[in-house]
Structure formats: structure tokens, C-alpha cells
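Chains, contacts and geometry: an overview
One-letter residues, chain by chain:
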Amino acid sequence: MYDIIIVGAGPAGAMAGKYLAESDKKVLLIQKDFSFKKPCGGGLRVDAFDEFSIDKSLIRNLVDVISMETKKRKIEFDISHIPLAIVDRVEFDKALRQDAKDAGAELVETKVVDVEILKDVVEVTTDSNKEKKKYRAKYLVAADGVLSIVRKKLRAESVPKKLTHYSDVSGLITNKCHFYFGTELTDRAYAWRFPYGSGSDVGTFAPINGKKYIHNLFKFLDISSKDEKVKGYNIPQWEKPLFYENRVFYVGDAAGQVLPFTYEGIYYAMKSAKILSEVIVEDVSFLEYEVRWKRLYLKKFRALKHLQKIFLKSDLTIYIMMKTLEKPKVKNKVLLLWMDQYEMKIDLAFIFRTFKRMLT
Ligand SMILES: Cc1cc2nc3c(=O)[nH]c(=O)nc-3n(C[C@H](O)[C@H](O)[C@H](O)COP(=O)(O)OP(=O)(O)OC[C@H]3O[C@@H](n4cnc5c(N)ncnc54)[C@H](O)[C@@H]3O)c2cc1C
């Protein structure tokens, strides 16, 4: 019998495994495939490496400039004081899992196919090559990503999500993170181009029948779409946050904890895992997980959700957003907001005031 079983060992599960095992909890960490490559741009703020004691040799690129672009406008943000690190998700996730194992978590490679809440315990069924096994624990952490089986089995629901399409394009080299806006290129979000290996990771948010967005993006970037393999992947859309229910904690993508507008999820997956582990180890009320998370992030998540809804609605609102961001004062405040260095209330009020002035 384990204290805690963690389903999924991406950034959320591996971090929870590390912190809980470090505090002498008996932890079983289950990952369905050790060589799984999470479809992801792999971008996270470089200061996260110190915050979570992650080996900096995992950084494949350091990006000093974020560029927001439409067909006609471009605004560049200098982030050289806290650059964006780009990681390879196979290497990154493997290293985090190894850290969890080194801290004392038991790591197994198998797929969870069922979850049941029994009296005072949680039972997980795994399946490896048709060999089924059952494991029991006092508590379960659902860290199994956007397609969470735990959420499906226990709540008969899936994580609210948005569809992305992306491709790794070799030869298209960039040292910036580009975010493209416009209703021809993306569906109420952004299209992107991030450095990836000896090329770029190029993608967009588009619905299932949204081939035109990819076609337009590739045309805009002068890439031959015939040569590129484009695949669709889901990303959580932050709506109703889910934290704890009946011996089960939800964390990372399984909890829907991806920042609206920017769609950053790696940092928030690890941070939530840390908050959750502290609550479990301190043996305080489990409601504290939600309370502490909300104290830190609710305003930010809500603010960015509103801003996304307002600014990314149409080409006119995107134009106004770009014009607003051209103002150095606004630009600076947005950067501070993103860096968690600004009081949210003042910040939002300021942005809304400027937006209103632009409209009138
Ligand atoms: C195209 C795309 C680009 C993105 N780019 C960025 C970016 O640049 N920066 C950023 O911060 N975020 C980005 N994200 C979001 C980010 O990838 C996720 O938010 C982050 O990976 C969440 O971590 P997690 O540990 O919660 O989930 P995941 O990373 O999805 O990990 C879940 C793990 O659970 C395992 N698992 C699932 N089901 C089972 C099962 N039944 N049994 C056992 N194991 C199971 C999976 O194999 C996986 O390893 C992107 C997402 C997409 C789709």
C-alpha cells in the first residue's frame, strides 16, 4: 500500500513525485511510456530552473526576444533579463522523472486503464502487454495530462481544451519566439514559431476542420506545406479549475492549469505540484491546495482569460491590442504582468483604460 500513487510523470507528476518522496512519503509514480514526447514548444522562463532545482544543461536554446506580430505590425519584447529557455520534452521529462526516482519515488512504466475509489483507499489498474496489475494507495494524484483517464473514469468528463496543429520545420532558423495574430492565421488565440533544434516549431490554434489556418500560416512564413507533417494536439482551456475530490488531487493539464492567452503550462504544472506536495506534507486541510493556488494565480488566470476574450476576438481588436502595446508604458506593464512582478488590479485597470481610450 502506497501513501500516494501519481498517474502520469510529465512535469506535474514528476515534480509531485520528487517533492513527496523527499518528504518520506511512499510514492508510486506511473508513466505509460518513458520515451513519450509531449507535443510542446518546450518554452519556460529560465528562472524556473533555479526555483525547481532543475539541471540547466537541459536548456537547448535561450531566447532573449519575444516578438508579437500581425501581417502589418511587429512589437518586440526584450526579455534578456529573464530569458525563455527552450527544452526538448523527451530529455526534460526523463530528467525530472530521474530526479523523482533519486528522491525515493518508485517509478514504473505502464499504462493506467482504470481507477476506483474504494472505502478509504484508491485502486489503480494498469495494463502492460495485456498483463493487468492493481495498486492501492491512500491518495491519488491525477497528473495524466489533457486527456486524463482519471478525470474520465471518476468524473465522466474531459478537460476543457482547445486544438492546436503543429510541425517541426527544419532549416527555418530563428532565435526569437514569434507569436502571430490575426483571424486568417489562428482561431481566437495565436500562431507561433519557436526555435527547435536546427529549425522551428511552427503551429497554430485551429479547429478540427481548420486546414485553412495552417495553409495561411505556412504561406505567411513562406514554408511549403506539402513537405511538412502537421499534427493536431489538445491544450487545456482554463475554465473551471479542479483541485481535489474524494481522495484524488488534480494537477497540471489534468486540472486544466494552463495560463490563458499565452498557453504556458509547464511552469504552472510544476508549481501546482509543489503547492500540492507542501499541503500534503504539512498535513493541513486538503482544501489548502486550492486556497494556496488561488491566492497565487486566480487573478492572473482570470485577467489573461478576459484579455484573450477581448483582444483576440477580431482583426479590429487585435489591431487595437497592437496599437495599445506600442505604448512603452503599457508594454512595460504587460511584461511585468507576465513576469509576475506587478499588482494585478492596477495593471488590469490600466490596460482596460488604455483599451477604452483606443476605442473612442
Ligand atoms: C502544441 C503545444 C505546445 C505547447 N507549448 C508550450 C510551451 O512552449 N510552454 C509551456 O509552458 N507549455 C506549452 N504547452 C503546454 C504544456 O505542454 C503542458 O501544459 C504541460 O506539459 C503540462 O504538464 P503535465 O505534467 O500536467 O502534463 P503532460 O506533460 O501531458 O504529462 C502527462 C503525462 O502523463 C502520462 N499519461 C497519460 N495518460 C496516462 C496513463 N493512462 N497511464 C500512465 N501515464 C499516462 C503521459 O504519457 C505524460 O507523460 C504546449 C502544449 C501543446 C499541445
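Residues numbered from 1 in each chain as written. Predicted model: local features only at pLDDT ≥ 70, side-chain atom pairs only at ≥ 80, totals over all residues. Heavy atoms only, no water.

**Let's talk about the domain arrangement of the chain**
Once the domains are mapped, the chain shows domain 1 (2-42 + 88-160 + 238-283), domain 2 (161-236) and domain 3 (313-359). Between the C-alpha centres of domain 1 and domain 2 there is a distance of 29 Å. Around 1300 Å² of area is buried between domain 1 and domain 2 when both sides are counted, 60% of it from carbon and sulfur atoms. Three residues, Pro 39, Gly 41 and Tyr 263, lead the burial of domain 1 against domain 2; their summed loss comes to 38% of the area buried on that side. Run the count over domain 1 and domain 2 and you get zero salt bridges. Connecting domain 1 to domain 2 are four residue pairs in polar contact (both at pLDDT 80 or more). Across the side of domain 1 that touches domain 2, the residue classes break down as ten nonpolar, four polar and four charged. (Domains from an automatic or database assignment. Buried area = accessible area lost by both parts, 1.4 Å probe. Salt bridge = Lys/Arg side-chain N within 4 Å of Asp/Glu carboxyl O. Polar contact = N/O pair within 3.5 Å; in protein donor to acceptor, adjacent residues only side chain to side chain. Nonpolar A, V, L, I, M, F, W, Y, C, P; charged D, E, K, R; others polar.)

**Looking at the nonpolar core**
Among the nonpolar cores identified, the biggest contains 85 residues, and Ile 6, Phe 49, Ile 54, Phe 92, Phe 181, Met 270 and Met 321 are the most heavily contacted of them. In terms of residues, this core owes the most to one element, helix H6 (residues 266-282), which gives ten residues. Setting aside chain neighbours within four positions, we find Phe 49 in contact with Leu 44, Ile 54, Asp 55, Lys 56, Leu 58, Ile 59, Ala 85, Val 87 and Phe 92. Counting 20 residues, the second-largest nonpolar core is a separate cluster that includes Tyr 2, Tyr 135, Ala 137 and Leu 140. (Core = buried A, V, L, I, M, F, W, Y, C linked by side-chain atoms within 4.5 Å. Buried < 20%, exposed > 50% of the residue type's maximum accessible area, 1.4 Å probe, protein only. Helix = DSSP H or I, 4+ residues; strand = E, 2+ residues; numbered from the N terminus. Contact = heavy atoms within 4.5 Å.)

**Some thoughts on the sheet that holds strand E15 (residues 199-205)**
Spatial strand order, E6-E5-E13-E14-E15-E12-E16: seven strands in an open sheet with mixed pairing. Strand pairing shows two members of the sheet lacking a second neighbour, strand E6 (74-78) and strand E16 (231-236), which therefore form its edges. Geometrically, the sheet is characterised by an average inter-axis angle of 25° between neighbouring strands, direction not taken into account. When strand E5 (residues 65-69) meets E6, the two strands line up antiparallel, connected through five bridges. When the bridges of E6 are listed, Met 68 appears paired with Ile 75. On the sheet, helix H5 (residues 211-220) packs against strand E12 (161-170), strand E13 (177-180), strand E14 (191-196) and E15 and is oriented at approximately 145° with respect to E15. (Pairing = 2+ DSSP bridges. Axes fitted to C-alpha atoms, helices over the stretch in contact; angles between N-to-C directions.)

**So, the sheet that holds strand E3 (residues 43-45)**
With antiparallel pairing, three strands are arranged side by side in an open sheet as E3-E7-E4. Pairing within the sheet leaves two strands with one partner each, and these edge strands are E3 and strand E4 (59-63). Averaged over all pairs of adjacent strands, the angle between strand axes in this sheet comes to 35°, irrespective of strand direction.

**Considerations on the packing of helix H1 (residues 11-22) against helix H3 (residues 89-102)**
When two helices pack together, their arrangement is given by the angle between the helix axes and by the axis-to-axis distance. With their axes 8 Å apart at the nearest point, H1 and H3 run at an angle of 20° to one another. Comparing the axis directions of H1 and H3 gives the class roughly parallel. Handedness of the crossing formed by H1 with H3: left-handed. The segment H1 lies against H3, with Pro 11, Ala 14, Met 15, Gly 17, Lys 18 and Ala 21 engaging Arg 89, Phe 92, Asp 93, Leu 96, Arg 97, Asp 99 and Ala 100. Broken down by class, the residue content of the contact of H1 with H3 amounts to seven nonpolar, one polar and five charged. (Parallel < 35°, antiparallel > 145°, perpendicular 65-115°, else oblique. Left-handed = near helix turned anticlockwise from the far one by under 90°.)

**Some points on the layout of surface pockets**
Considered as a void within the structure, the second largest pocket measures approximately 300 Å³ in volume. Residue lining of the second largest pocket: Lys 162, Arg 188, Gln 237, Trp 238, Glu 239, Tyr 263, Lys 305, His 306, Gln 308, Lys 309, Leu 312 and Lys 313, and that is the complete set. With four residues, helix H7 (residues 287-311) is the largest single contributor of residues to the lining of the second largest pocket. Residue composition of the lining of the second largest pocket, grouped by class: three nonpolar, three polar and six charged. (1 Å grid on protein atoms, 1.4 Å probe; cavity = no way out; pocket = protein on both sides within 12 Å on 5 of 7 lines; lining within 4 Å. Points joined across faces, edges and corners; volume = space filled by probe spheres on them.)

**A few points about empty space enclosed by the protein**
Counted under the stated rule, the structure contains one cavity of 30 Å³ or more. Of the pockets and cavities examined, the largest cavity occupies roughly 60 Å³. Around the largest cavity sit Arg 45, Glu 264, Tyr 267, Tyr 268, Lys 300, Trp 338 and Asp 340, which together line it. Within the lining of the largest cavity, the residues separate by chemical class into three nonpolar, no polar and four charged.

**Details of the site of the ligand**
Around the ligand sit 38 residues in total, of which Gln 31, Gly 41, Gly 43, Arg 89 and Asp 253 are the nearest. Within the side chain of Gln 31, an N or O atom sits 2.9 Å from an oxygen atom of the ligand. Gly 42 places a main-chain nitrogen or oxygen 3.3 Å from an oxygen atom of the ligand. Out of a free accessible area of 1000 Å², the ligand has 95% covered by protein chains. If you list the elements that add at least two residues to the shell around the ligand, you get H1, strand E2 (27-31), strand E9 (111-118), E12, E14, E16 and H6. (Near = heavy atom within 4 Å. Areas by Shrake-Rupley, 256 points an atom, 1.4 Å probe, with all protein chains shown as cover.)

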